[in-house]
Amino acid sequence: EDKVVQSPLSLVVHEGDTVTLNCSYEVTNFRSLLWYKQEKKAPTFLFMLTSSGIEKKSGRLSSILDKKELFSILNITATQTGDSAVYLCAITGANNLFFGTGTRLTVIP
Amino acid sequence: NAGVMQNPRHLVRRRGQEARLRCSPMKGHSHVYWYRQLPEEGLKFMVYLQKENIIDESGMPKERFSAEFPKEGPSILRIQQVVRGDSAAYFCASSPGVGSYEQYFGPGTRLTVT
């Protein structure tokens, strides 16, 4: 059965800190891994990763995939209070996304 | 370019009533997915539809739940005879294709069963 495990479950940091969120997975037929940010509403798409070792970057956020070790990390540098959210990792199944339970990030001013 | 639209945003039903949740995909997207998020849990896949076809309903409870995506109009998730355990946020997502395409989510419908 497909499995996505995210760690840590929750994280509290101060503004300006750098954080690394982890996502490990087991899947029969890997196609892609996606990261979403969820505040009190719809998950917002961040990145889709399909190839190992190629970093995707958007502003202060970046992510990379390791298909050999079956994990991905999401980095956020110089965190701001607006980064407070639940960050969801998902893998693409046959017809759907299979989500982890998320990492709740709280950034304190 | 409007995103995925869902209505209502909040829905309160008494036990035994029916709930109808609507989803209009992004323009140009013909693939619709429904997910359920229980309090403090991750998003769980329910059903995947294309126009007039249910492609995968492996995540749908066998009873009381149904979904459709007619040729015209929004996709509808229908829950009959709701129970307290149905209280959750129901999210719809759409994509331009299946497989390695990102899915874009609507704002969700928060269903509360009293």
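In case you missed it, the structure is sitting above this.
This structure is a prediction, so every number in the text was calculated from the model and none was measured.

## A few points about the pattern of salt bridges
Taken as a whole, this structure holds five salt bridges over all chains when the rule is applied. The partner of K37(A) in a salt bridge is E39(A), and the shortest N-O contact between them spans 4.0 Å. Residue E39(A) is classed as partly exposed on the basis of its relative accessible area, which comes to 36%. A salt bridge links E18(B) to R78(B); its shortest N-O distance comes to 2.9 Å. A residue pair is termed long-range when its members are at least 10 positions apart, and E18(B) in the loop between β2 (10-13) and β3 (19-24) and R78(B) in strand β8 (residues 75-79) qualify at 60 residues. Residue class for E18(B) comes out partly exposed when judged on its relative accessible area of 29%. Within the structure, one salt-bridge network assembled from shared partners comprises E18(B), R20(B) and R78(B).

## Brief notes about the sheet that holds strand β7 (residues 61-66) of chain A
Residues and elements named next belong to chain A. Taken in spatial order, the five strands line up as β1-β3-β8-β7-β6 in an open sheet, and their pairing is antiparallel. Edge positions in the sheet fall to β1 (3-7) and β6 (56-58), since each has one partner strand and no second. Between one strand axis and the next, the sheet turns through 15° on average, direction left out of account. Across six bridges, the pairing between β7 and strand β8 (residues 71-76) is antiparallel. Note on β8: the bridge partner recorded for D66 is F71.

## Quick word on the interface of chain A and chain B
Listed as interface residues are 20 residues of chain A and, on the opposing side, 21 residues of chain B. Summed over both sides, the interface of chain A with chain B buries roughly 1600 Å², with 59% coming from carbon and sulfur. Our enumeration of links across chain A and chain B arrives at three residue pairs in polar contact (both at pLDDT 80 or more). At the level of elements, β4 (33-38), β5 (44-49), β9 (85-92) and β10 (97-99) of chain A are the ones that each hand at least two residues to the side of chain A that touches chain B. Considering only residue class, the side of chain A that touches chain B consists of ten nonpolar, seven polar and three charged.

## Regarding the side chain of N75(A)
All names here are of chain A. Considering the arrangement of structural elements, one finds N75 in strand β8. In this structure the side chain of N75 is engaged in a polar contact, spanning 2.5 Å, whose partner is the side chain of T20. With sequence-adjacent residues up to four places away left out, N75 is seen in contact with V19, T20, R60, L61 and S62.

## Some points on the packing of aromatic side chains
Each pair of aromatic rings is reported with the distance of its centres and the angle of its planes. Under the criterion given, the structure shown has ten aromatic pairs over all chains. For the ring pair Y33(B) and Y48(B), a centre distance of 4.8 Å and an interplane angle of 10° mean the geometry is stacked. Here Y33(B) is found in strand β4 (residues 31-37), whereas its partner Y48(B) is found in strand β5 (residues 43-50), with 15 residues between them in sequence. For the pair formed by Y33(B) and Y48(B), the shared burial category is buried. Of the aromatic side chains, those joined through ring pairs into one cluster are Y36(A), F45(A), F99(A), Y35(B), F45(B), Y104(B) and F105(B).

Definitions and limits used
Residues numbered from 1 in each chain as written. Chains lettered and ligands numbered in written order. Predicted model: local features only at pLDDT ≥ 70, side-chain atom pairs only at ≥ 80, totals over all residues. Heavy atoms only, no water. Salt bridge = Lys/Arg side-chain N within 4 Å of Asp/Glu carboxyl O. Buried < 20%, exposed > 50% of the residue type's maximum accessible area, 1.4 Å probe, protein only. Helix = DSSP H or I, 4+ residues; strand = E, 2+ residues; numbered from the N terminus. Pairing = 2+ DSSP bridges. Axes fitted to C-alpha atoms, helices over the stretch in contact; angles between N-to-C directions. Contact = heavy atoms within 4.5 Å. Buried area = accessible area lost by both parts, 1.4 Å probe. Polar contact = N/O pair within 3.5 Å; in protein donor to acceptor, adjacent residues only side chain to side chain. Nonpolar A, V, L, I, M, F, W, Y, C, P; charged D, E, K, R; others polar. Phe/Tyr/Trp six-rings, centres within 6.5 Å; stacked < 30°, edge-to-face > 60°.

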